[in-house]
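Structural overview
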Amino acid sequence: MAGGAFVSEGGSGGRDYEGGVTVFVVITCMVAAMGGLLFGYDLGISGGVTSMDEFLSKFFPQLERQRENAKHDTAYCKFDDQKLQLFTSSLYLAALVASFVASVVTRKYGRKVSMFTGGLAFLTGALINAFAINVTMLIVGRLLLGVGVGFANQSTPVYLSEMAPAKIRGALNICFQVAITSGILVANLINYGTSNMAKNGWRVSLGLAAVPALLMVIGSFFLPDTPNSMLERGRYEEAKQMLKKVRGTENVDHEFEDIRDACEAAKKVEHPWKNIMQSKYRPALVFCSAIPFFQQITGINVIMFYAPVLFKTLGFGDDAALMSAVITGVVNVLATFVSLYSADRFGRRFLFLEGGIQMFICQILVGSFIGLKFGTTGTGTLTPATADWILVFICVYVAGFAWSWGPLGWLVPSEICPLEIRPAGQAINVSVNMFFTFLIGQFFLTMLCHMKFGLFYFFGGMVAIMTIFIYFLFPETRGVPIEEMGRVWKQHWFWKSYIPDDAVTGGHDEN
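Residues numbered from 1 in each chain as written. Predicted model: local features only at pLDDT ≥ 70, side-chain atom pairs only at ≥ 80, totals over all residues. Heavy atoms only, no water.

1. Section: the overall build of the chain
Scanning the chain from N- to C-terminus turns up 24 helices and zero strands. Against the 2.2 N^0.38 benchmark of 24 Å for 511 residues, the chain shows a C-alpha radius of gyration of 23 Å, consistent with a compact globule. Here the C-alpha coordinates of the chain stretch approximately 80 × 45 × 40 Å along the principal axes. Counting all 511 residues of the chain, 61% fall into the buried class. Within the chain, counting contacts between residues at least 6 apart in sequence, those at least 24 apart form 80% of the total. About 18,500 Å² of surface is accessible on the chain, with carbon and sulfur atoms providing 66% of the total. Charge centroids of the chain, computed over 39 positive and 38 negative side chains, lie 5 Å from each other. (Helix = DSSP H or I, 4+ residues; strand = E, 2+ residues; numbered from the N terminus. Rg over C-alpha atoms; globule rule 2.2 N^0.38 Å. Buried < 20%, exposed > 50% of the residue type's maximum accessible area, 1.4 Å probe, protein only. Contact = heavy atoms within 4.5 Å. Areas by Shrake-Rupley, 256 points an atom, 1.4 Å probe, with all protein chains shown as cover. Lys, Arg positive; Asp, Glu negative; His and termini not counted. Charge placed at Lys NZ, Arg CZ, Asp CG, Glu CD.)

Dropping the structure here:
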């Protein structure tokens, strides 16, 4: 199976290994990427469920009273309730803690064990939520979902990066983001359908989360482990045979030697959490922390979590709010396929910068439209034309995120960490992501109530800062084998002072 469409053209700084893009590795990576369905389905399902009147009246009756209270007539504060936000955000707090446990499991027992554990936890949480009779059961179920997300998001991007050939690593890794966006879209469609059920529509929405969880459990059971992971655990011959299988060639000596060298260096590191603080790992530490922070502070999960609630806040009807969420979900999926094509063709930097500019413009425009119609008092109505324009700009904003910071937020941290700190680096990436996802989920509706339309200007300002950050500090990593990433940092004007010569690995002679 040829992979010419994804080959990067020079300038990558990495060396080419023999072997093509095999059907085996593509299928393997697609199955592994189904872990993204776990994350995506939950991102999409919670916003629709929290806008359903039956769900709100059963678990959050105080919110019903609040909406009827005259002092909360301001549109900005219709859904400001800490317990309601806790239902959404508790998952991500659990995912934060679970990601640290998952980093140890991933290192000691392999990537596929972590993925299997994540799927099992998610399956249990989905069933508890489907049969919940009180808020406590809801929160317990959400916490278990969080454990599943923490394990899956920690192990799946690493698995994909290690299995994929360097020349199409971006494309195959972005399958994880495609699965996330597909999960969001499916959840939005299910919410639109179940909202019209006479009773228990929310149970169906929450319970169907068991489907992607079951796919993850079954898929991870049959997946092979990565050559990198096998080498970490001393299974040298198995690792070489697996590398031959995934590359489709017998001549894998050079790549195998580079991976083995990196693995031997990793074994000498007894404390990856302590060592990641060393100077030579400073670029990895910074980007594994900054990229997930900036990814969340774009405000994207305002749309992913609360799209139906946000649209209802702005005066859309119940069906219109859910259908608008479906529309943004469709845009999200289609735009992610753009990154699937372009990440290895145009590079990571270009997508980061273009997406940042696009999101900045849209945040300012959306904030301005809302400000003109609702002002600071939160009273007013949207004309159909204005509502359509707001939806258009939100869709353009979602598209900008979906082909840049969305997939690259998972791809880049997974491909820049040396093997000896990779589980720690990925755990930092996931935990920072989950921590700020928790903050956004827990406080967005309160922030909207107090900051009003200025909240969109706040997110726009953060997008501007992160785009400048990427412009000055992030080098291109397209097509660079993971084991040779030290060369990229050594050539960068800022990071080169942190990288000693002996930290640059790879480069076995071919003769």
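2. Notes on unusual backbone geometry
A positive phi angle, near 65°, is found at Asn200, a position not held by glycine. Mapped onto the elements, Asn200 comes out in the loop between helix 9 (175-194) and helix 10 (201-207). Since its relative accessible area comes to 29%, Asn200 is described here as partly exposed. At Lys452, a position not held by glycine, the phi torsion is positive, near 60°. If you trace the backbone, Lys452 turns up in the loop between helix 22 (422-451) and helix 23 (454-473).

3. Some points on the packing of aromatic side chains
Summed over all chains, the structure comprises 29 aromatic pairs. Each ring, one from Phe346 and one from Phe350, has its centre 5.9 Å from the other, and the planes form 50°; the classification is tilted. The interplanar angle of 80° and the centroid separation of 5.2 Å between the aromatic rings of Phe435 and Phe436 together place this pair among those described as edge-to-face. On the basis of relative accessible area, Phe435 is assigned to the partly exposed category, the value being 35%. The aromatic ring of Phe59 is capped on one face by Lys58, whose charged end is 5.7 Å from the ring centroid. Looking at Arg142, its charged tip hangs above the ring of Phe87, at a distance of 4.8 Å from the centre. (Phe/Tyr/Trp six-rings, centres within 6.5 Å; stacked < 30°, edge-to-face > 60°. Lys NZ or Arg CZ within 6 Å of the ring centre and 35° of its normal.)

4. Things to note about the nonpolar core
With 147 residues, the main nonpolar core has Phe55, Phe287, Trp405 and Met434 as its most contacted residues. Here Met434 is in contact with Phe39, Tyr92, Ala95, Leu96, Val149, Asn153 and Trp410, once residues within four sequence places are set aside. (Core = buried A, V, L, I, M, F, W, Y, C linked by side-chain atoms within 4.5 Å.)

5. Details of the side chain of Arg203
As for its position among the elements, Arg203 is in helix 10. Buried within the structure, Arg203 lacks any salt-bridge partner; Glu54 is the closest side chain of opposite charge, at an N-O distance of 6.4 Å. Within the structure, the side chain of Arg203 is placed 2.9 Å from the backbone oxygen of Ala130, a separation counted as a polar contact. Not counting the four nearest positions on each side in its chain, Arg203 is found in contact with Lys58, Ala130, Phe131 and Ala132. (Salt bridge = Lys/Arg side-chain N within 4 Å of Asp/Glu carboxyl O. Polar contact = N/O pair within 3.5 Å; in protein donor to acceptor, adjacent residues only side chain to side chain.)

6. Looking at helix 6 (residues 111-130)
The periodicity of an α-helix, 3.6 residues per turn, causes residues three or four positions apart to be oriented the same way. Between its terminal C-alpha atoms helix 6 stretches 29 Å, which fits the 28 Å expected from 20 residues at 1.5 Å a residue. For helix 6, the set of buried residues is Arg111, Ser114, Met115, Gly118, Gly119, Ala121, Phe122, Leu123, Gly125, Ala126, Asn129 and Ala130. (Expected span 1.5 Å × (residues − 1).)

7. Some points on the pattern of salt bridges
Taken as a whole and assessed by the stated rule, the structure comprises 13 salt bridges. Taking the shortest distance from any N to any O, the salt bridge between Asp42 and Arg142 comes out at 2.5 Å. You can see Asp42 sitting in helix 2 (residues 35-49) and its partner Arg142 sitting in helix 7 (residues 135-163), a full 100 residues away along the chain. For the pair formed by Asp42 and Arg142, the shared burial category is buried.

8. Observations concerning the environment of Phe346
With respect to the element layout, Phe346 can be found in the loop between helix 18 (318-342) and helix 19 (348-374). As for Phe346 and Ser51, which are separated by 295 residues in sequence, their C-alpha atoms are 40 Å apart. The residues contacting Phe346, other than those within four sequence positions of it, are Tyr341, Glu476 and Arg478.

9. Quick notes on the environment of Leu365
Within the fold, Leu365 resides in helix 19. When its relative accessible area of 31% is taken as the criterion, Leu365 is described as partly exposed. Between the C-alpha atoms of Leu365 and Ile45, which are 320 residues apart in sequence, the distance is 27 Å.

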